[in-house]
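# Reading the structure
Listed below, chain by chain, are the residues.
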Amino acid sequence: MSAHSHDHDSHDHGSFRGYVTGFVLSVILTAIPFAVVMGGGFDSRALTVLVVIGCAIVQVLVHMVYFLHMNSHSEEGWTLISTLFTVVIVVIMIAGSLWVMFHLNTNMMPQMNHDLLPIGPQS
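Residues numbered from 1 in each chain as written. Predicted model: local features only at pLDDT ≥ 70, side-chain atom pairs only at ≥ 80, totals over all residues. Heavy atoms only, no water.

## Considering the UniProt feature "transmembrane region" (unreviewed entry) in the chain
- As annotated by UniProt and renumbered to match this structure, "transmembrane region" (unreviewed entry) occupies residues 20–39, 46–68 and 80–102.
- Its end C-alpha atoms 31 Å apart, residues 46–68 is made of 96% helix and 0% strand.
- Strand forms 0% of residues 80–102 and helix 100%; the C-alpha atoms that close the span are 33 Å apart. (UniProt positions renumbered as here; feature names shortened; annotations may be inferred. Helix = DSSP H or I, 4+ residues; strand = E, 2+ residues; numbered from the N terminus.)

## Here we look at the side chain of His-69
- Position of His-69 among the secondary structure elements: in the loop between α2 (45–67) and α3 (78–108).
- Its relative accessible area of 18% is what places His-69 among the buried residues.
- A distance of 3.0 Å separates the side chain of His-69 from the side chain of Tyr-19, its partner in a polar contact. (Buried < 20%, exposed > 50% of the residue type's maximum accessible area, 1.4 Å probe, protein only. Polar contact = N/O pair within 3.5 Å; in protein donor to acceptor, adjacent residues only side chain to side chain.)

## Side note on helix α1 (residues 16–38)
- Across its 23 residues, α1 extends 32 Å between first and last C-alpha, which sits within 8% of the 33 Å expected from 1.5 Å per residue.
- Buried residues along α1 sit against α2.
- Once α1 finishes, Gly-40 follows within two positions and takes phi at roughly 95°, a positive value. (Expected span 1.5 Å × (residues − 1). Contact = heavy atoms within 4.5 Å.)

## Things to note about the packing of aromatic side chains
- Tallied over the entire structure, the rule returns 1 aromatic pair.
- Summarising the aromatic geometry, the rings of Tyr-19 and Phe-67 are spaced 6.1 Å apart at their centres and angled 20° between planes, so their arrangement reads as stacked. You can see Tyr-19 sitting in helix α1 and its partner Phe-67 sitting in helix α2, a full 48 residues away along the chain.
- Classification of Phe-67 as partly exposed rests on a relative accessible area of 29%. (Phe/Tyr/Trp six-rings, centres within 6.5 Å; stacked < 30°, edge-to-face > 60°.)

## Focus on the confidence of the model for the chain
- Here the chain shows a mean pLDDT of 80. Residues at 70 or above account for 74%.
- Segment residues 5–10: pLDDT under 50, and 1 contact once partners within four positions in sequence are set aside and those in other chains are kept. (pLDDT = per-residue confidence, 0-100.)

## A word on the side chain of Thr-48
- Summarising the element assignment, Thr-48 is placed in helix α2.
- Each residue touching Thr-48, except ones within four places of it in the same chain, is listed here: Val-36, Gly-41 and Phe-42.

## Description of a nonpolar patch on the surface
- Residues Phe-16, Val-20, Phe-23, Val-24, Val-27, Ile-28 and Ile-32 make up a contiguous nonpolar surface patch of about 660 Å² in total accessible area.
- Looking at where Val-27 falls in the secondary structure, it is placed in helix α1.
- Overall, the relative accessible area of 41% leaves Val-27 in the partly exposed class. (Patch = residues over 30% accessible without salt bridge, like charges linked within 9 Å, V, L, I, M, F, W, Y side chains within 5 Å. Areas by Shrake-Rupley, 256 points an atom, 1.4 Å probe, with all protein chains shown as cover. Salt bridge = Lys/Arg side-chain N within 4 Å of Asp/Glu carboxyl O.)

## So, the environment of Met-70
- Relative to the elements of secondary structure, Met-70 occurs in the loop between α2 and α3.
- Owing to a relative accessible area of 19%, Met-70 belongs among the buried residues under this scheme.
- As for Met-70 and Thr-83, which are separated by 13 residues in sequence, their C-alpha atoms are 9.3 Å apart.
- When near neighbours in sequence (up to four residues on either side) are disregarded, Met-70 contacts Met-64, Val-65, Thr-79, Ser-82 and Thr-83.

Right under this line is the structure:
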């Protein structure tokens, strides 16, 4: 028995076929929204947004299963805790980014008709 003996029964490290499947699914899930957006999108903007967001969510799940090897047999609940933590961080980042972009648009686009009070002395 060598000094580098590994217990392959306790952890699923994936296989070449699993990595290739994950890679192919990731490429497809990247190409679909790219093609939709570069093609001008659908007639409905909401449908275009839903397709892009839907592909993003599915791609996150593909990465979690095929590359991070997260499944129902993983390490006594740490998978759930780490997934919840990741979701909270992503929601905070997205909400913060949207908040900053909205306020930048409101405060930095003077030609737009925003309901802002005039700044400085009024004559």
